[in-house]
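Letter by letter, the chains look like this.
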2 protein chains.
Amino acid sequence: MSIYIDPEVAASLRGYEVPERLGFGTAMAPIMFRAVYQDGCWSQGELIPYAPLSIDPAAKVLHYAQSCFEGMKAYRTQAGGIALFRPEKNAERMAFSAKRLCMPPVPESLFLDAVRTVASYCANLVPGNSGESLYLRPFLIGTQADLTVSASSSYEFYVIASPSEAYHSGSMRLWVEREDARAAVGGTGDAKVGGNYAASLLSVGRLKERGYDQSLWLNPSDRNSVDELSGMNFFAVIEGTLHTPALTGSILEGITRYSLLELAESLGYQVVEESIPVDRLLSQIASGSCTEAFACGTAAIISPISVIGDAEHCYELQQAPGPVAEALRQALLDIQEGRAEDRFGWMQAVEPASF
Amino acid sequence: MSIYIDPEVAASLRGYEVPERLGFGTAMAPIMFRAVYQDGCWSQGELIPYAPLSIDPAAKVLHYAQSCFEGMKAYRTQAGGIALFRPEKNAERMAFSAKRLCMPPVPESLFLDAVRTVASYCANLVPGNSGESLYLRPFLIGTQADLTVSASSSYEFYVIASPSEAYHSGSMRLWVEREDARAAVGGTGDAKVGGNYAASLLSVGRLKERGYDQSLWLNPSDRNSVDELSGMNFFAVIEGTLHTPALTGSILEGITRYSLLELAESLGYQVVEESIPVDRLLSQIASGSCTEAFACGTAAIISPISVIGDAEHCYELQQAPGPVAEALRQALLDIQEGRAEDRFGWMQAVEPASF
Ligand SMILES: Cc1ncc(COP(=O)(O)O)c(C=O)c1O
Ligand SMILES: Cc1ncc(COP(=O)(O)O)c(C=O)c1O
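Just so you know, these numbers come straight off a predicted model, no measurement behind them.

Reading the values: the criteria
Residues numbered from 1 in each chain as written. Chains lettered and ligands numbered in written order. Predicted model: local features only at pLDDT ≥ 70, side-chain atom pairs only at ≥ 80, totals over all residues. Heavy atoms only, no water. Near = heavy atom within 4 Å. Polar contact = N/O pair within 3.5 Å; in protein donor to acceptor, adjacent residues only side chain to side chain. Areas by Shrake-Rupley, 256 points an atom, 1.4 Å probe, with all protein chains shown as cover. Nonpolar A, V, L, I, M, F, W, Y, C, P; charged D, E, K, R; others polar. Axes fitted to C-alpha atoms, helices over the stretch in contact; angles between N-to-C directions. Helix = DSSP H or I, 4+ residues; strand = E, 2+ residues; numbered from the N terminus. Parallel < 35°, antiparallel > 145°, perpendicular 65-115°, else oblique. Contact = heavy atoms within 4.5 Å. Buried < 20%, exposed > 50% of the residue type's maximum accessible area, 1.4 Å probe, protein only. Pairing = 2+ DSSP bridges. Least-squares fit on C-alpha atoms with pLDDT ≥ 70 in both. Phe/Tyr/Trp six-rings, centres within 6.5 Å; stacked < 30°, edge-to-face > 60°. Lys NZ or Arg CZ within 6 Å of the ring centre and 35° of its normal. pLDDT = per-residue confidence, 0-100. Core = buried A, V, L, I, M, F, W, Y, C linked by side-chain atoms within 4.5 Å. Buried area = accessible area lost by both parts, 1.4 Å probe. Salt bridge = Lys/Arg side-chain N within 4 Å of Asp/Glu carboxyl O. Expected span 1.5 Å × (residues − 1). Bend = angle between axes of the 7 residues up to and from the residue.

Brief notes about the site of ligand 2
Residue and element names in this part refer to chain B. Taken together, 16 residues surround ligand 2, and among them Tyr197, Glu228, Ile255, Thr256 and Thr298 come closest. At a separation of 2.5 Å, a nitrogen atom of ligand 2 approaches a polar side-chain atom of glutamate 228. Interatomic distance of 2.8 Å between a backbone N/O atom of isoleucine 255 and an oxygen atom of ligand 2. Compared with its free state, where it exposes 390 Å², ligand 2 has 95% of that area covered by protein.

Have a look at this one:
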């Protein structure tokens, strides 16, 4: 199905100046994509000027958090073009998230058309320094106006975009979160839905007061093995081997995570995907057998971890960033930014729109 | 602080006709209350016509479910007046929910002014048959436009209202939910926040296909003791004694629940608040020592439970509704609708506004 391009789109784009200081996810591109689901069908997609949404005060998304989203990037490549990284994986994960909340999955073709169209019209807005990108945020919300606790009958799907600088988290100080949980066993931790993030805010607020940056979430079932961070997956280098927690149902399966697993193997690293008991991890840091730890996700790609704090102790990693983190970050970014051959077929070029 | 009354409010109310078929939470009153939180301060409250909200596509509420709400009723009393039931308890619980998600609590005075003003202007919309009411829905949402996973810097607080008929759930067939969870230990189950309800939708969708009405949620820690329903607390009558699960951190503390506990004691029932292992409960139903079970909440007050299904078995309650449920429902409704003396000081009269 073709996408309707609102006549105002060209003027919005021509009148827009990319701010000098970008930040991450704060400057918004002046256009967006919308499609509406009603009576069991998706409407034609539209590219329209970025503008406030009109949402009924009784809409399900506002009361019952019936919403899911994705995070992905359009990169400016070495050759000057624009490319997306594995967008079909985001389409697939968003369909999974939608089903977890009884929302109609956005069809893969609609999802891909949407992100490609936004990237294509925003081609001039994709910043060009290494690490910079156009961050794309597809999201789906339940819009039916009805206070009953039940799935919405109508939905809206949007893609908004933000020209963003490299996400500089620096090296992070984590805190082992032993009280709160971001998701339950049998809950929504493996889906990218709003409630997980809402539940994580209090923990992060608390640890910031103590000089930490991010919570290290434990598995809600055993309250002992490492799950992930609020918005990134966890890796550690232990005796030269790369470890990451196996998926448990409460971990969001990051696209960066499994791309890194594949990449690391191809670079000759030993890779282990299994449970990581936090107490063992901490003593491996103390004894020096764990030399590096890092987190990964679309925004930062890889963020080194310098310290993990727990109760009275503060465990310092030997190297942050360490050599494995540096090598993986560079290898992945080289593929994403077109400096290295795309051996895995991960990149999809997007033709800039002319308007 | 006085409330600003928009000049359109009177016309909106005069032009509104209460629909003949009300339903519950579907017909919306034509006015609403709004207050805005920005730069650390609450704005003056305003009573304005009911209208779609203008929400930035990057607002935190849409992506990270930073939202909480309350549910309460204005009743038409025997004498023809309007009264609220323990509104300060809703104010208190909403402040608790807000803090769990790092939102600024709505000050008690602002909350109470808001619900009283809405009830007062909607006095003519409060239906008069026993069990009918004006359902009030206060809610608070994070509105900052910024894709960072962090607490919003700005918020909007609304109260909307819905003239509603008695919430007829009939007698309910519950299903013991042994896979999914609505909330985690250390999660948000004891707060009235959107994510809990989003997480519950899939389970309810599944069991409806099997002929059941509601999930019976188990404690996410032991996966064995009864917590509650998706929107109601659980009670059982076992050997003549009234049992309800003790609060565990994953149960929402219902205002109906603790009002019923107080009322039941005053009526001479033995009341026990402790863990209820579901297997024991089911065998007590099978043996006949558990004679009644019911759920309670603002909407339905008390809903009898006729069946609890688990794996291959279907456990039928002897009486649905049973005599204890009937007596408690009548006693509470008699207070709420002003037929019985308000011995506990629960009711607050609201003066109808003249406009
Ligand atoms: C909870 C959580 N875990 C992990 C990730 C990493 O996923 P991805 O690599 O697909 O960005 C994200 C988001 O980006 C996340 O929100
Ligand atoms: C999860 C949940 N439990 C219990 C209740 C009952 O609370 P209350 O009696 O205050 O209405 C509600 C809501 O009404 C609820 O949403």
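Details of the site of ligand 1
Residues and elements named next belong to chain A. Within the structure, ligand 1 sits among 16 residues, and Tyr197, Glu228, Ile255, Thr256 and Thr298 are positioned closest to it. In the environment of ligand 1, a nitrogen atom lies 2.4 Å from a nitrogen or oxygen atom belonging to the side chain of glutamate 228. With respect to ligand 1, the side chain of threonine 256 contributes an N or O atom lying 2.6 Å from an oxygen atom. Contact with the protein chains removes 95% of the 380 Å² of surface that ligand 1 exposes when unbound. Looking at the shell around ligand 1, its residues break down into five nonpolar, seven polar and four charged.

Description of the packing of helix H6 (residues 255-266) of chain B against helix H8 (residues 323-336) of chain B
The description of two packed helices rests on the angle between their axes and on the distance between the axes. All names here are of chain B. At a minimum axis separation of 11 Å, H6 and H8 run at an interaxial angle of 105°. With respect to H8, the element H6 is oriented roughly perpendicular. Residues Thr256, Leu260, Leu263 and Ala264 of H6 form the contact with H8, whose participating residues are Leu328, Ala331, Leu332 and Ile335.

Here's the deal with the pairing of strand S17 (residues 290-297) of chain A
Residues and elements named next belong to chain A. Within S17, eight of the eight residues are buried, which leaves the element mostly enclosed by the surrounding structure. In this sheet, strand S18 (residues 301-310) lies alongside S17 in antiparallel orientation, the contact comprising four bridges. Each residue of the ladder has a partner; that of glycine 297, found in S18, is isoleucine 301.

Describing the relation of the copies chain A and chain B
It takes a turn of 180° to lay chain A on chain B, together with a shift of 0.0 Å along the axis; the resulting RMSD is 0.0 Å. Here the two chains are linked by the operation of a two-fold rotation axis. The overlap is high: 100% of the interface residues of chain A also sit at the interface in chain B, so the same surface is used on both sides.

Here's the deal with the pairing of strand S8 (residues 82-85) of chain A
Of the two faces of S8(A), the one lined by A:Ile82 and A:Leu84 and the one lined by A:Ala83 and A:Phe85 are each fully buried. The loop that links strand S7 (residues 72-76) of chain A with its antiparallel partner S8(A) comprises five residues; one of these, A:Gly80, has a positive phi angle of about 95°.

Considering the packing of aromatic side chains
All chains considered together, the criterion is met by 32 aromatic pairs over all chains. Ring plane angle 80° and centroid distance 6.4 Å describe the contact between A:Trp42 and A:Phe157, whose orientation is recorded as edge-to-face. Of this pair, A:Trp42 sits in strand S3 (residues 41-42) while A:Phe157 sits in strand S10 (residues 155-164); the two residues are 115 residues apart in sequence, bridging distant segments of the chain. An aromatic cluster of three or more residues is present, and its members are A:Phe33, A:Tyr37, A:Trp42, A:Phe111, A:Tyr155 and A:Phe157. Lying across the ring of A:Tyr212, A:Arg173 places its NZ or CZ 4.9 Å from the centre. One cation-aromatic arrangement involves B:Arg210 over B:Trp175; the distance from NZ or CZ to the ring centre is 4.5 Å.

Details of the side chain of A:Asp6
Residues and elements named next belong to chain A. Positionally, aspartate 6 belongs in the loop between strand S1 (4-5) and helix H1 (8-14). In this structure the side chain of aspartate 6 is engaged in a polar contact, spanning 2.7 Å, whose partner is the backbone nitrogen of glutamate 8. In contact with aspartate 6, not counting residues within four places along its chain, are Leu47, Ile48 and Pro49.

Here we look at the confidence of the model for chain A
Counting all residues, the mean pLDDT for chain A is 96, and 99% of those residues have values of 70 or more. In the predicted complex, the global pTM is 0.98; the interface-specific ipTM is 0.97.

Some details on the environment of B:Ala264
Residues and elements named next belong to chain B. Looking at the element boundaries, alanine 264 is found in helix H6. Sequence separation of alanine 264 and alanine 327 is 63 residues, and the distance between their C-alpha atoms is 9.2 Å. Beyond its immediate stretch of four places on either side in the chain, alanine 264 contacts Leu242, Tyr269, Val271 and Leu328.

Section: the nonpolar core
Across soluble globular proteins, you tend to see nonpolar side chains buried next to one another. Ranked by size, the top nonpolar core spans 93 residues in total, and within it A:Leu140, A:Phe157, B:Phe33, B:Leu140 and B:Phe157 carry the most contacts. If near-sequence neighbours (up to four positions away) are discounted, B:Leu140 is found in contact with B:Trp42, B:Gln66, B:Ser67, B:Cys68, B:Met94, B:Ala98, B:Met103, B:Pro104, B:Val106, B:Tyr155, B:Glu156 and B:Phe157. Within the second largest apolar cluster, 42 residues are counted, among which are A:Leu62, A:Tyr158, B:Phe24 and B:Tyr50.

A short note on the interface of chain A and chain B
At the interface, 55 residues of chain A touch 55 residues of chain B. Of the roughly 4300 Å² buried between chain A and chain B on both sides combined, carbon and sulfur atoms contribute 66%. When residues of chain A are sorted by the area they lose upon contact with chain B, A:Pro57, A:Leu62 and A:Leu201 head the list and together hold 14% of the total. Linking chain A to chain B there are two salt bridges. With a shortest N-O distance of 3.8 Å, B:Asp180 and A:Arg100 are connected by a salt bridge. Counting across the interface, chain A meets chain B through 20 residue pairs in polar contact (both at pLDDT 80 or more). A per-element tally of the side of chain A that touches chain B places helix H5 (residues 194-209) of chain A first, with eight residues. By residue class, the composition of the side of chain A that touches chain B is 33 nonpolar, 14 polar and eight charged. One ladder, built from three bridges, connects strand S5 (residues 53-55) of chain A with strand S5 (residues 53-55) of chain B; its direction is antiparallel. Residue pairing in the sheet places A:Ile55 in a bridge with B:Leu53 of S5(B).

Quick word on the pattern of salt bridges
All names here are of chain A. In total, this model carries 23 salt bridges over all chains according to the counting rule given. In this structure, arginine 178 and aspartate 279 form a salt bridge, with 2.9 Å as the shortest nitrogen-oxygen distance. On the criterion of sequence distance, the pair formed by arginine 178 in the loop between strand S11 (172-177) and H5 and aspartate 279 in helix H7 (residues 278-287) is long-range, its members being 101 residues apart. In this structure arginine 178 comes out as partly exposed when scored by relative accessible area, which is 36%.

Some thoughts on helix H5 (residues 194-209) of chain B
Turn by turn, an α-helix covers 3.6 residues, leaving residues three or four places apart pointing in a common direction. When the terminal C-alpha atoms of H5(B) are compared, their 24 Å separation across 16 residues agrees well with the 22 Å that a helix rising 1.5 Å per residue should span. B:Leu201 marks the point of greatest bend in H5(B), at about 30°. When H5(B) is considered as a whole, its buried residues turn out to be B:Gly194, B:Gly195, B:Asn196, B:Tyr197, B:Ala198, B:Ala199, B:Ser200, B:Leu201, B:Ser203, B:Val204 and B:Leu207. Buried-residue contacts for H5(B) involve helix H2 (60-64), helix H3 (87-100) and H5 of chain A together with strand S6 (67-69), strand S11 (172-177) and strand S12 (214-218) of chain B. Looking one or two residues beyond H5(B), the residue adopting positive phi is B:Gly211, at roughly 90°.

A short note on unusual backbone geometry
Cis geometry is adopted by the peptide bond preceding A:Pro321, which originates at A:Ala320 and carries an omega value of 0°. Locating A:Pro321 in the fold gives a position in the loop between strand S19 (313-316) and helix H8 (323-336). Its identity as a non-glycine residue notwithstanding, A:Glu239 has a phi of 45°, on the positive side. Of note in this structure, B:Asp39 is not a glycine but carries a positive phi near 50°.

Considering the environment of A:Gly195
Within the secondary structure layout, A:Gly195 lies in helix H5. Under the relative-accessibility criterion, A:Gly195 is labelled buried at 16%. Expressed as a C-alpha distance, the spacing of A:Gly195 and A:Asp113, which sit 82 residues apart in the sequence, is 27 Å. Each residue touching A:Gly195, except ones within four places of it in the same chain, is listed here: B:Ala65 and B:Gly195.

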